Amino acid sequence: MPKIRICIIGSGNWGSAIAKIIGINVKKFEDKFEEEVMMYVYEEMIEGKKLTDIINETHENVKYLPGHKLSPNIIAVPDVVEAAKNADILIFVVPHQFVPGLCTALLGKIKSSAVSLSLIKGFTQENDTKLKLISKFIEEKLKIPCSVLMGANLSNEVASDYFCETTIGCKDKIMGAIMKDCIQTENFRVRVVEEIEAVEICGALKNIVACAAGFVDGLDLGDNTKAAVIRLGLMEIVNYVKLFYGKFNMSIFFESCGIADLITTCYGGRNRRVCEQFVKTGKTIKELEDELLNGQKLQGPLTAEEVYGMLKDSNSTAKFPLFATVHRICNKELKPNDLIEQIRNHPEYE
Ligand code: NAD
Ligand code: 13P
């Protein structure tokens, strides 16, 4: 059997952390996986040197995951087509806004037998008002199957090898087991489930709830309020899956991709941090993203905007007051102080 070649498309904070794991796991399962793993890196100059050269020479992504060594079999490649052309498994892990451009570049340039795994938390825009799951977008655009991986996985903690869990959504049992071998470690425990859509939607929508948690922190409203916001957020995630995707298995929300990711993001994530500062400084989200994240990208405010468009179009904003309010606060239509007024009469209390 030929060995499976893996390509990681993305090398930000999460892309680099997962590369650290995969670099080790392909060597552990050397009978199954090709040792060299290509990692597409969006090229940029760091103090006069290309980031790809720095990664290939020092085995560290000094910009997006400083302080963590990647194994030397992770090869940084600045051209996405070159990185992906021989791969059997494509692992997508870029901020969601860059997916359409990358897929266009890859169209017709990858193995027709390839499969993919998306670690991306967000949606793409199907048209002005309708959203599409990233996994569906990849499947339709590249004509390859796409599974997903979502969980309570703050990258720096995963890279530090602190114990945590994640959820893979994959319909194919054999491929699910291969993906698990590629990802799981002693301290990064993987559960594979079949419901791709619900897993992915949990990952995308929790970023909106994290923004609300950040507003609560910025307003110094305390832990009870934050818990209420997290619970209302969870209910809106459940109802969103119900309304737009129909049948689903409630147990998904008790996986790492569900309640656990909500908790970790609402306490330790970038969306929370930036939204807390949004309240405290009065600066715009964009200004704070640039100032605080050193090139890393926020997913929550953009996802809130995209989801708001979809809710408006389907006359459903009243059913999702938390999601709608996050967007209206981010774009300064409402003040952070208005948050509680907007959720006080949540449909949960009817
Ligand atoms: P990041 O925000 O740390 O980094 C941004 C990345 O985008 C960098 O690699 C940068 O080079 C790249 N980039 C900038 N402009 C680009 C362009 N025009 N085209 C292509 N790439 C460009 O990225 P991340 O944290 O790895 O996030 C990727 C996905 O993983 C997101 O959907 C995020 O929600 C998800 N995620 C992140 C974490 C985390 O803790 N960081 C954990 C789980 C999931
Ligand atoms: P942030 O993007 O808010 O940092 O969330 C990271 C994450 O998805 C943890 O699971």
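It should be noted that the structure appears before, not after, this text.
Bear in mind the structure is a predicted one, so any value in this text is a computation, not a measurement.

**Here's the deal with the overall build of the chain**
Right, so step 1: Counting its regular elements, the chain contains 15 helices and 12 strands.
Right, so step 2: The contacts in the chain between residues at least 6 apart in sequence include a share of 72% that link residues at least 24 apart.
Right, so step 3: In the structure as shown, the chain presents an accessible area of about 15,200 Å², 51% of it carried by carbon and sulfur atoms.
Right, so step 4: Treating the 42 positive side-chain charges of the chain as one cloud and the 47 negative ones as another, the clouds have centres 1 Å apart.

**What to know about helix 14 (residues 321-330)**
Right, so step 1: Of all 10 residues in helix 14, 9 are buried, a share of seventy percent or more.
Right, so step 2: Among the residues of helix 14, P321, L322, F323, A324, T325, V326, H327, I329 and C330 are the ones counted as buried.
Right, so step 3: Those residues of helix 14 that are buried are in contact with helix 8 (196-218), helix 9 (223-245), helix 11 (270-281), helix 12 (285-293), helix 13 (300-313) and helix 15 (339-343).
Right, so step 4: Positive backbone phi, at 65°, marks K332, one or two positions downstream of helix 14.

**A look at the packing of aromatic side chains**
The geometry of an aromatic ring pair is captured by two quantities: the separation of the ring centres and the angle between the planes.
Right, so step 1: With the rule as written, the count across this model stands at 8 aromatic pairs.
Right, so step 2: Aromatic rings pair up to connect F123, Y240, F244, F320 and F323 into one cluster.
Right, so step 3: Sitting over the ring of F29, K32 keeps its end group 5.4 Å from the ring centre.
Right, so step 4: Positioned above the aromatic ring of Y267, the side-chain terminus of K226 is 3.9 Å from the ring centre.

**A few points about the site of ligand 2**
Right, so step 1: By nearness alone, every residue bordering ligand 2 is listed as K121, G151, A152, N153, L154, K206, D261, T265, G269, R270 and N271.
Right, so step 2: One of the backbone nitrogen or oxygen atoms of G151 is found 3.0 Å away from an oxygen atom of ligand 2.
Right, so step 3: A distance of 2.7 Å separates an oxygen atom of ligand 2 from a polar backbone atom of R270.
Right, so step 4: Here ligand 2 has 310 Å² of accessible area as a free molecule, and 91% of this is covered by the chains.
Right, so step 5: Here ligand 2 occupies the largest pocket.
Right, so step 6: For the shell around ligand 2, the secondary structure elements donating two or more residues are helix 10 (256-268) and helix 11.
Right, so step 7: Residues belonging to the shell around ligand 2 are distributed by class as follows: 2 nonpolar, 5 polar and 4 charged.

**Notes on the site of ligand 1**
Right, so step 1: Close to ligand 1 lie 23 residues; N13, W14, K121, S155 and K297 are nearest.
Right, so step 2: Contacts to ligand 1 include Q299, whose side-chain N or O atom sits 3.0 Å from an oxygen atom.
Right, so step 3: Coverage of ligand 1 by the protein chains reaches 90% of its 840 Å² of free accessible surface.
Right, so step 4: The cavity that encloses ligand 1 is the largest pocket.
Right, so step 5: Tallying contributions element by element places helix 1 (residues 13-28) first for the shell around ligand 1, with 3 residues.

**Let's talk about the pattern of salt bridges**
Right, so step 1: Applying the stated criterion across every chain yields a total of 21 salt bridges.
Right, so step 2: K49 is paired through a salt bridge with E57; the nearest N and O atoms lie 2.5 Å apart.
Right, so step 3: Accessibility expressed as a relative area gives 38% for K49, which makes it partly exposed.
Right, so step 4: Accessibility expressed as a relative area gives 51% for E57, which makes it exposed.
Right, so step 5: The network of salt bridges with shared partners includes D217, K226, R272, E276 and K280.

**A few points about a negative patch on the surface**
Right, so step 1: On the surface, a cluster of negative charge is contributed by E30, D31, E35 and E36.
Right, so step 2: Within the secondary structure layout, E30 lies in the loop between helix 1 and strand 2 (37-40).

**Looking at the packing of helix 9 against helix 10**
Right, so step 1: Two elements in contact, helix 9 and helix 10, have axes separated by 11 Å at closest approach and are oriented at 140°. Here helix 10 runs oblique to helix 9, going by the angle between their axes. The two elements helix 9 and helix 10 cross, and the hand of that crossing is right-handed. Across the interface between the two elements, K226, I230, L234 and I237 from helix 9 touch I259, L262, C266 and Y267 from helix 10.
Right, so step 2: Residue composition of the contact of helix 9 with helix 10, grouped by class: 7 nonpolar, no polar and 1 charged.

**With respect to the sheet that holds strand 7 (residues 115-118)**
Right, so step 1: On the basis of which strands lie adjacent, the open sheet formed by 8 strands has the order 5-2-1-6-7-10-11-12 and mixed pairing. Two strands close off the open sheet at either side, each with one partner strand: strand 5 (74-77) and strand 12 (188-193). The average angle at which neighbouring strand axes cross in this sheet is 25°, direction not considered.
Right, so step 2: The sheet contact formed by strand 10 (residues 146-150) and strand 11 (residues 164-169) spans 3 bridges and is antiparallel.

**Topic: the nonpolar core**
Right, so step 1: Core analysis: the biggest nonpolar cluster contains 54 residues, and F123, L205, Y240, V307 and F323 have the highest contact counts within it.
Right, so step 2: For this core, the element with the most residues is helix 8, which contributes 15 residues.
Right, so step 3: Ignoring sequence-local partners within four residues, the contact set of L205 consists of F123, I237, Y240, V307 and F323.
Right, so step 4: Core analysis: the next-biggest nonpolar cluster, separate from the first, contains 42 residues, I4, I6, M39 and L65 among them.

**Observations concerning the environment of A159**
Right, so step 1: Within the secondary structure layout, A159 lies in helix 6 (residues 155-159).
Right, so step 2: Overall, A159 belongs to the buried group, its relative accessible area being 3%.
Right, so step 3: For A159, the contacting residues outside a window of four places in its chain are A17, K20, L65 and H68.

The rules we used
Residues numbered from 1 in each chain as written. Chains lettered and ligands numbered in written order. Predicted model: local features only at pLDDT ≥ 70, side-chain atom pairs only at ≥ 80, totals over all residues. Heavy atoms only, no water. Helix = DSSP H or I, 4+ residues; strand = E, 2+ residues; numbered from the N terminus. Contact = heavy atoms within 4.5 Å. Areas by Shrake-Rupley, 256 points an atom, 1.4 Å probe, with all protein chains shown as cover. Lys, Arg positive; Asp, Glu negative; His and termini not counted. Charge placed at Lys NZ, Arg CZ, Asp CG, Glu CD. Buried < 20%, exposed > 50% of the residue type's maximum accessible area, 1.4 Å probe, protein only. Phe/Tyr/Trp six-rings, centres within 6.5 Å; stacked < 30°, edge-to-face > 60°. Lys NZ or Arg CZ within 6 Å of the ring centre and 35° of its normal. Near = heavy atom within 4 Å. Polar contact = N/O pair within 3.5 Å; in protein donor to acceptor, adjacent residues only side chain to side chain. 1 Å grid on protein atoms, 1.4 Å probe; cavity = no way out; pocket = protein on both sides within 12 Å on 5 of 7 lines; lining within 4 Å. Sits in = over half its atoms within 2 Å of the grid points. Nonpolar A, V, L, I, M, F, W, Y, C, P; charged D, E, K, R; others polar. Salt bridge = Lys/Arg side-chain N within 4 Å of Asp/Glu carboxyl O. Patch = residues over 30% accessible without salt bridge, like charges linked within 9 Å, V, L, I, M, F, W, Y side chains within 5 Å. Axes fitted to C-alpha atoms, helices over the stretch in contact; angles between N-to-C directions. Parallel < 35°, antiparallel > 145°, perpendicular 65-115°, else oblique. Left-handed = near helix turned anticlockwise from the far one by under 90°. Pairing = 2+ DSSP bridges. Core = buried A, V, L, I, M, F, W, Y, C linked by side-chain atoms within 4.5 Å.

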